[in-house]
Amino acid sequence: MRIRILGTTTKTTNILLLLRRRRPSTSTTHTTTTYTTTTSSRSARMMMSFCCSNVMPSSSSSQNYSAARLRRTTMKTTTTTASQPRKERQKNNRRTIVTSSLSSSSSESSATGEGNTTKQFVSSLLSWPTRTTLCGSLDISSVGEKVSLCGWVDKQRDMGGICFADVRDHSGLVQIIGAAEGVCENQAKIDEILSSLRSECVVKVVGVVRERNNKNKNIKTGEVEVEVKSIEVLNVVSKSLPFSISESEKSGNAEKSSEEVRLKNRVLDLRRPKMLKNLRRRHEAIRQMRKVLEEEFDFMEIETPVLSRPTPEGARDYLVPARTASAGSCYALPQSPQLFKQMLMVSGCDRYYQVARCFRDEDLRADRQPEFTQLDVEMSFTDADGIMNVAERVFLEASGMHKKVQQPFRRMTYAEAMEKYGSDKPDLRFDLEMTTLNDVLKDTEFPPFKSALETSRSSVKVLVVDDSQAGKNKISNAKLKPKGEIFEDAVNTGSANGVFFCRVAEDGKTLEGAKGLVEGLAKCAEEIIAKSTAPPGSLLLFVAGKTKVVNTALDKVRHKCASMLNLIDPKAHAVLWVTDFPMFEYNEDEERFEACHHPFTAPNTEDYEKNPDDLTEARAIAYDLVYNGVEIGGGSLRIYRRDVQEKVFKAIGMSTEEAEDKFGYLLEAFQYGAPPHGGFAIGVDRLVMLLCGAKSIRDVIAFPKTTTGQCLLTRAPGEATTEQLAELNIRRID
Ligand code: ASP
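Bear in mind the structure is a predicted one, so any value in this text is a computation, not a measurement.

Novice: Give a detailed account of the overall build of the chain, specifying residues and quantitative values.
Specialist: Along its length, the chain carries 23 helices and 25 strands. Each of the 734 residues in the chain was classed as buried or not, and the buried ones make up 49%. In the chain, once contacts between residues fewer than 6 apart in sequence are set aside, the share between residues at least 24 apart is 68%. Accessible surface, the chain as shown: approximately 35,500 Å² in total, 50% of it carbon and sulfur.

Right, here's the structure in full:
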């Protein structure tokens, strides 16, 4: 006798099952057996009534199932009769389908001592049955229909005489139930199979849809159930499941397993409805992107090479040693199809797009993968507004946010974003703003601010947090002092001095707080308050140091305060363009300029005209699309003339020879009448992550890698053999 239901091993369940009547052994006698249940004693029934609510995830009341069981205390079973013609028996056995009139092959498995397991009902032959209906598509309008369903057993419930199961496919799940007495000739056999079902075994069920007595509002198909007329076990689970797939399981749920276990068992992890939903959302987003680009704007999808040439595009390349070229020659996997899409414009393709896989060998973070997917777009003969309009339409169609986000999207210059939010991807779901105080504090004697302002590229900024009405959520000094969460966040982002803080007094003119700071700022208190528009009682948080560090630290502090004060509306959608990025960023460590976007971005025309030979201070015609504080895309107008492109290469310290060697083909293409062009790319993984409300991009990628770049399922990267390496002219150095 089975004493455990997989995944529901509560004490009460076990008691219930132990109380269950013994089933008669079947199939071995080749006779027709009529039997009556004998264990419907009052105490057993009471116990079962009590237990039912523990094993039924549906809203069904326990009494109903006890009653159902009582209705069926007399049961009939028909087994294979020896008199059945041999041919017919063979035919039935081939599919091990149990209908009201056929036998099963269980006699063989019983003989092997396997007992009442699902395995005995699986045919030794393969079959590829079809279905008429998807499990999740049934509703009240389907009542009376005869359907055949295929799927996985999500959960089985044996009420000691009446068996239920939920059968799940990619569309949802539906409850199946053994028929009432007298409906099927072979009901006992069907019951036996139903009772043997284990989570995740694969079945085909033929039955009739009927209205449920006890409706389950929590599932889409909860108004109906399928009364089983025949059932076929197509496959079983022969290994214990690492976690439960069923969403109705509270314990053993995949969400409670470590990500490592989920990634190792990705096949099963993806089978979970939540993960399948993410994949479907991803597919839907990409489908809409393709649709809008092709049908509304006449774009053409063109594939570009995956084996390409190494280029310095910012991140480290993934290299692929080339067997047929000279030793040391490598292909590089594309960081993006940037140069190919620009050359396609020179070729006259006019409007290109691609759902492109990109590869960057960077240090990985939660929202980064070594390979990721971009919707990559390029178009000729258009200005920045034209390109941004296409990107906005793509975003709206992919996200379905037509009603929530209006076109044209909000725009903010990079300079404003950095000044007010310390970030080029500000989260505008909440307001907290910061202000640079360099001019106000130019004569300050307060030592930390004074010394900061004496160095180049440095700032003192203040973030205003009005928590005066926040009651018990008001930000305490303990959080702001050394070892406090906010202070430590600032220090961890590089601000050596942490955060200085004080409050605006009720008079709205003076400051209150630590003596040193308040006295040090006394002379310019009014100016600070006015410039930062800080209301009385508000908290002022100062950070001083290199501007880059100050911005990073205050951005972090801004987010921390917003979450402490519950300022982020989870239903808000803050979408904006950040425009006018600088052409170059100064790399303090390497003491050189590098392209802020990529070196093919066009300079702002005014800035270029003003100083065509020194572009280091120029703005770029570049734009980033930001959604709830996450950069989900970006692009630019491109340089389309060789002379201008050469100037940009020079600005980032690339010699003429190096430029010729690395990008000669692009420079040459520009000499054959390149059209003015521009484009953008949208990060599909990040966008879908936000649309699904997922916490990590790994939850929206079918087979992602860990933060150390490993695939735990296939165990990639794997070691190449010495022979393989030798062919590539590579020798292992131990
Ligand atoms: N290729 C750029 C990127 O990958 C996007 C673009 O400018 O189109 O970020």
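Novice: Lay out the sheet that holds strand β17 (residues 500–504) in plain terms, naming residues and giving numbers.
Specialist: Within the open sheet, the 5 strands sit side by side as β15-β16-β19-β17-β18. Their pairing is antiparallel. A single partner strand is all that each edge strand has here, and the edge strands are β15 (433–436) and β18 (511–513). The average angle at which neighbouring strand axes cross in this sheet is 35°, direction not considered. Relative to strand β19 (residues 539–546), strand β16 (residues 458–465) runs antiparallel, the two sharing 8 bridges. Residue pairing in the sheet places Val462 in a bridge with Phe542 of β19. Sheet contacts for helix α18 (residues 547–564): β15, β16 and β19; angle to β19, the most-contacted strand, approximately 150°.

Novice: Could you give an account of the nonpolar core, with specific residues and numbers?
Specialist: Ranked by internal contacts, the top residues of the largest apolar core, which has 78 residues, are Leu375, Val394, Phe395 and Phe680. In this structure Leu375 touches Met289, Leu293, Tyr353, Gln354, Val355, Val394, Phe680, Ala681, Ile682 and Val684, once residues within four positions along its chain are discounted.

Novice: Tell me about the site of the ligand, and name the residues and values.
Specialist: Close to the ligand lie Ser336, Gln338, Lys341, Arg360, Gln374, His598, Gly634, Gly635, Arg638, Phe680 and Ala681, which account for all nearby residues. At a separation of 2.6 Å, a nitrogen atom of the ligand approaches a polar side-chain atom of Gln338. Residue His598 places a side-chain N or O atom 3.0 Å away from an oxygen atom belonging to the ligand. Expressed as a share of its isolated accessible area of 270 Å², the protein-covered part of the ligand is 85%. Of all the secondary structure elements, the ones that give two or more residues to the shell around the ligand are α10 (338–346), β24 (630–637) and β25 (677–683). For the shell around the ligand, the class distribution of residues is 2 nonpolar, 6 polar and 3 charged.

Novice: Let's hear about the side chain of Asn604: which residues, and what values?
Specialist: Following the sequence through the fold, Asn604 ends up in the loop between β22 (592–595) and α19 (605–610). Among the polar contacts listed, one links the side chain of Asn604 to the backbone nitrogen of Asp607, at a separation of 3.1 Å. Among residues more than four places away in sequence, those in contact with Asn604 are Asp580, Arg619, Ala620 and Ile621.

Novice: Got a sec to walk through the sheet that holds strand β9 (residues 300–301)? Specific residues and values, please.
Specialist: Reading across from one edge, β9-β12-β13-β25-β24-β23-β20-β14 is the order of the 8 strands in this open sheet, with mixed pairing throughout. Sheet topology places β9 and β14 (410–413) at the edges, where each strand pairs with a single neighbour. Relative to strand β20 (residues 575–579), β14 runs parallel, the two sharing 4 bridges. Across the sheet, Thr413 pairs through a bridge with Thr579, a residue of β20. Across the sheet, helix α11 (residues 384–399) is in contact with β13 (371–380), β14, β20, β23 (622–627), β24 and β25; its angle to β25 comes to roughly 25°.

Definitions and limits used
- Residues numbered from 1 in each chain as written.
- Predicted model: local features only at pLDDT ≥ 70, side-chain atom pairs only at ≥ 80, totals over all residues.
- Heavy atoms only, no water.
- Helix = DSSP H or I, 4+ residues; strand = E, 2+ residues; numbered from the N terminus.
- Buried < 20%, exposed > 50% of the residue type's maximum accessible area, 1.4 Å probe, protein only.
- Contact = heavy atoms within 4.5 Å.
- Areas by Shrake-Rupley, 256 points an atom, 1.4 Å probe, with all protein chains shown as cover.
- Pairing = 2+ DSSP bridges.
- Axes fitted to C-alpha atoms, helices over the stretch in contact; angles between N-to-C directions.
- Core = buried A, V, L, I, M, F, W, Y, C linked by side-chain atoms within 4.5 Å.
- Near = heavy atom within 4 Å.
- Polar contact = N/O pair within 3.5 Å; in protein donor to acceptor, adjacent residues only side chain to side chain.
- Nonpolar A, V, L, I, M, F, W, Y, C, P; charged D, E, K, R; others polar.

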